[in-house]
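Here are the chains, one letter per residue:
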Amino acid sequence: MERNQKVEDYMKVICHLREIGLVRGAYIARELGVTKPTVSVALREMEAAGYLAIRPDRTVVLTEKGEAIGEFVTERNRVLFGLLTDLGVDKQTADADACEMEHGVSEESLKALIKLRQLLRSIRQTSSSEESKE
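Let me begin by describing the structure that accompanies this report. Quick caveat, the model's predicted, so the values are computed rather than measured.

**A closer look at helix α2 (residues 25-32)**
Here's step 1: Within α2, the full set of buried residues consists of G25, I28 and A29. Taken down its axis, α2 places every buried residue within 100° of arc, on the same side.
Here's step 2: Where α2 is buried, its residues meet α1 (5-20), α3 (36-48) and β2 (60-62).
Here's step 3: Looking at the residues trailing α2, positive phi occurs at G33, about 70°.

**Thoughts on the side chain of T59**
Here's step 1: Relative to the assigned elements, T59 resides in the loop between β1 (52-54) and β2.
Here's step 2: Overall, T59 belongs to the buried group, its relative accessible area being 2%.
Here's step 3: At 2.6 Å, the side chain of T59 forms a polar contact with the side chain of D57.
Here's step 4: Each residue touching T59, except ones within four places of it in the same chain, is listed here: L22, V23, R24, A53 and I54.

**Examining the packing of aromatic side chains**
Centre distance and the angle of the planes are the two values used to describe a pair of aromatic rings.
Here's step 1: On inspection of all chains with the given rule, the structure shows 0 aromatic pairs.
Here's step 2: Positioned over the ring face of Y51 is K65, at 4.8 Å from the centre of the ring.

Here is what the cut-offs are and how they apply
Residues numbered from 1 in each chain as written. Predicted model: local features only at pLDDT ≥ 70, side-chain atom pairs only at ≥ 80, totals over all residues. Heavy atoms only, no water. Buried < 20%, exposed > 50% of the residue type's maximum accessible area, 1.4 Å probe, protein only. Helix = DSSP H or I, 4+ residues; strand = E, 2+ residues; numbered from the N terminus. Arc of directions from axis to C-beta. Contact = heavy atoms within 4.5 Å. Polar contact = N/O pair within 3.5 Å; in protein donor to acceptor, adjacent residues only side chain to side chain. Phe/Tyr/Trp six-rings, centres within 6.5 Å; stacked < 30°, edge-to-face > 60°. Lys NZ or Arg CZ within 6 Å of the ring centre and 35° of its normal.

Keep in mind these values describe shape, not function.
Now the structure itself:
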């Protein structure tokens, strides 16, 4: 199984679920809005590709390979969501757009967007401190 948008979406959801507790197929299905059998098939494919392991208690854990993808996708999403909301996009729209955009952003472009976000924040902070002095 090659790495694609579906794999990245699953990895991002697994990373999110892991932050709040155990990761199980049913929880992934709920988050992605798909059926449990769909998740079961996808998890078996990702396990065969070396992205994750399914433990005997049916919990899902990422392998080193899966972890790297999950962290990168999560970071891309976080940066894009943050940049969009910093630019005034409402959170619901920013969330949907960041999910679409995250799959097409290269590492080089992500680094440039991070610099842009830092620059925007720096400009805002400078403006805020100048306004408070007046």
